[in-house]
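# An overview of the molecular structure
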There are 2 protein chains.
Amino acid sequence: MEWSEVGELPCSIARSLAVVGDRWTLLILREVFSGVTRFDAFRSRLGISRNVLADRLHRLVGEGILEMRPYQEAPRRHAYELTEAGADLYPVLLSLMAWGDRWRAGPEGPPIRLVHRCGAHVRPAPTCEECGEPLRAGEVRALAGPGLLSPRRRRAQKPS
Amino acid sequence: MEWSEVGELPCSIARSLAVVGDRWTLLILREVFSGVTRFDAFRSRLGISRNVLADRLHRLVGEGILEMRPYQEAPRRHAYELTEAGADLYPVLLSLMAWGDRWRAGPEGPPIRLVHRCGAHVRPAPTCEECGEPLRAGEVRALAGPGLLSPRRRRAQKPS
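Residues numbered from 1 in each chain as written. Chains lettered and ligands numbered in written order. Predicted model: local features only at pLDDT ≥ 70, side-chain atom pairs only at ≥ 80, totals over all residues.

## As for the nonpolar core
The test is simple: Each nonpolar core reported here comprises buried Ala, Val, Leu, Ile, Met, Phe, Trp, Tyr and Cys residues connected via C-beta atoms within 7 Å. Neighbour counting defines burial: a residue surrounded by 20 or more other C-beta atoms within 10 Å of its own C-beta is buried, one with 12 or fewer is exposed, and intermediate counts give partly exposed, using backbone-placed C-beta atoms. For the purpose of contact definition, each residue receives a C-beta atom placed from its backbone, and two residues are in contact when these atoms lie within 7 Å.
L93(A) and L93(B) are the most contacted members of the largest nonpolar core, which totals 72 residues. Residues within four places of L93(A) in sequence aside, it is in contact with L26(A), L29(A), R30(A), F33(A) and I13(B).

## As for the relation of the copies chain B and chain A
Filter applied, for reference: Copies overlap after least-squares fitting; the atoms used are the C-alpha atoms of residues with pLDDT of at least 70 in both.
Expressed as a screw operation, the relation of chain B to chain A combines 0.0 Å of axial shift with a rotation of 180°, fitting to an RMSD of 0.0 Å. Those values place the two copies in the arrangement expected of a two-fold rotation axis. Considering only C-alpha atoms, the part of chain B nearest the rotation axis is P126(B), at 2.1 Å. Most of the interface of chain B is mirrored in chain A: 100% of its interface residues are interface residues there too.

## Thoughts on the domain arrangement of chain A
Residues and elements named next belong to chain A. Put simply, the rule is: For the purposes of this description, domain bounds are those given by an automatic or database domain assignment. Think of it this way: any DSSP run of H or I at least four residues long counts as a helix, any run of E at least two long counts as a strand, and we number them from the N terminus. We call Asp, Glu, Lys and Arg charged. Ala, Val, Leu, Ile, Met, Phe, Trp, Tyr, Cys and Pro are nonpolar, and the rest, Gly among them, are polar.
For chain A, the assigned domains are domain 1 (1–88) and domain 2 (89–155). Listed per partner, the contact involves 11 residues of domain 1 and 10 residues of domain 2. Secondary-structure elements contributing two or more residues to the side of domain 1 that touches domain 2 are α2 (25–33) and α5 (84–87). In terms of residues, the side of domain 1 that touches domain 2 owes the most to one element, α2, which gives four residues. Within the side of domain 1 that touches domain 2, the residues separate by chemical class into seven nonpolar, one polar and three charged.

## Observations regarding the packing of α2(A) against helix α6 (residues 90–103) of chain A
Residues and elements named next belong to chain A. For clarity, the cut-off: All axes are obtained by fitting lines to C-alpha atoms, using only the stretch in contact for helices, and the reported angles, taken between N-to-C directions, cover 0 to 180 degrees. In this scheme, roughly parallel covers angles under 35 degrees and roughly antiparallel covers those over 145, while 65 to 115 is roughly perpendicular and the rest are oblique.
At a closest axis distance of 11 Å, the pairing of α2 and α6 adopts a crossing angle of 105°. Put simply, α2 runs roughly perpendicular to α6. Residues L26, L29, R30 and F33 of α2 form the contact with α6, whose own contacting residues are Y90, L93 and L96. Grouping the constituent residues of the contact of α2 with α6 by class yields six nonpolar, no polar and one charged.

## Considerations on helix α1 (residues 12–20) of chain A
Of all the nine residues making up α1(A), nine are buried; the element is thus mostly covered by neighbouring parts of the structure. Within α1(A), the full set of buried residues consists of S12(A), I13(A), A14(A), R15(A), S16(A), L17(A), A18(A), V19(A) and V20(A). Here the buried face of α1(A) lies against α2 and α6 of chain A together with α2 (25–33), α6 (90–103) and β3 (112–116) of chain B.

## So, the sheet that holds strand β3 (residues 112–116) of chain A
Quick reminder of the rule: Criterion used throughout: strands pair if DSSP finds at least two bridges between them.
Pairing is antiparallel across the open sheet formed by three strands, whose spatial order is β4(A)-β3(A)-β6(B). Every interior strand has two partners, whereas the edge strands, β4 (121–122) of chain A together with β6 (140–144) of chain B, have only one. In this structure, β3(A) lies alongside β4(A), joined through two bridges in antiparallel fashion. When the bridges of β4(A) are listed, L114(A) appears paired with V122(A).

## So, the pairing of strand β2 (residues 77–82) of chain A
Regular strands place their side chains on alternate faces of the sheet. All names here are of chain A. Of the pairings in the sheet, the one linking strand β1 (residues 66–72) to β2 comprises six bridges and is antiparallel in character. Residue L66 lies in a different strand from β2, and its bridge partner there is L82. What sits between β1 and β2 in their antiparallel hairpin is a turn of four residues.

## Some remarks on the pairing of β6(B)
Of all five residues making up β6(B), only zero are buried, and the element is barely covered by its neighbours. Here five bridges tie β3(A) to β6(B), and the two strands are oriented antiparallel to one another. Each residue of the ladder has a partner; that of I112(A), found in β6(B), is A144(B).

## Some words on the interface of chain B and chain A
Tallying the contact residues gives 78 residues for chain B and 78 residues for chain A. Here the side of chain B that touches chain A takes 14 residues from α6(B), the largest share from any one element. Residues belonging to the side of chain B that touches chain A are distributed by class as follows: 47 nonpolar, 13 polar and 18 charged.

## A short note on the sheet that holds strand β4 (residues 121–122) of chain B
One open sheet accounts for three strands, arranged β6(A)-β3(B)-β4(B); its pairing is antiparallel. The sheet is open, and its two borders are formed by β6 (140–144) of chain A together with β4 of chain B, each paired with just one other strand.

## Details of the confidence of the model for chain A
Close inspection of predicted coordinates is inappropriate in any region flagged by low pLDDT. All names here are of chain A. As a reminder, the rule being used: Residue-level confidence of the predictor is what pLDDT reports, using numbers from 0 through 100.
On average, residues of chain A carry a pLDDT of 86, and 92% of them reach 70 or more. Helix α4 (residues 50–62) holds the highest mean pLDDT among the elements of chain A, 96, whereas helix α7 (residues 151–157) holds the lowest, 53. Both scores are available for the predicted complex, with the pTM at 0.87 and the ipTM at 0.87.

## What to know about the environment of S34(A)
All names here are of chain A. By secondary structure assignment, the location of S34 is in the loop between α2 and α3 (39–46). On the basis of neighbour count, S34 is assigned to the exposed category, with 10 C-beta atoms found within 10 Å. Measuring from C-alpha to C-alpha, the distance between S34 and I112 comes to 12 Å, with 78 residues separating the pair along the chain.

Structure representation (structure tokens):
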């Protein structure tokens, strides 16, 4: 299987990775969530090449994660801002941050602390909406959902 | 900046991405969380080349995410199993799945449903441990933590 086919799998993890699985993309989104919106600011903060940055921003716009808002006419310049789908990637970044805080922080502790608007320091962990317990791997079962059919079977089901 | 330097940034997201930011790595881990442990099973389920798979498994073992357990002597074969650090990546996969379920599922709905041991269908969302509300981007502030110093400053602080 080629990477370009991964987004076609009947798997929501694969479909998400087809959008954000590129190694620079989540770092670019980290900057957006920190309030960075402009090409040159991304570039100086991440130190990546113009070509790679332009390509990743273009893809994120094409995938509906970022949208471009003009802020200057001559020369024309755009700010990149999160769409609703983009803002919804926040839990992905939080979960990566939580893992890094726990397993890669070094003796001095985590580099950043998150404070919720309720005033509490937060260590994000996904919880069950029903019982409130943290979701651990051995305590969650995966069942077939309505969209599990493979693309081939789905095609075969379509009326001809 | 080269990708190889990303793990050196004083940022827990970057440090996590240095471990799992490779595009195939999280799909390999998805298989491990589904109970797959053997090289040939990874290969047939993911359809990736032997070389890429061997390289990614080797790195995951080196990073302390997977560990090898021998299950056959002649020829020698190993199963790959999650360490505690590896099991702790579950929220990363859950958050990717939740995003894909919401934004890439298609009209027929999500391919997989998760059921917590309490019996509830779960849509994983990170919540504040204190007030129980979902953590949304605009409602969480990032403050400097104890590990924010850059590696250079950290080196400069070390007694010589």
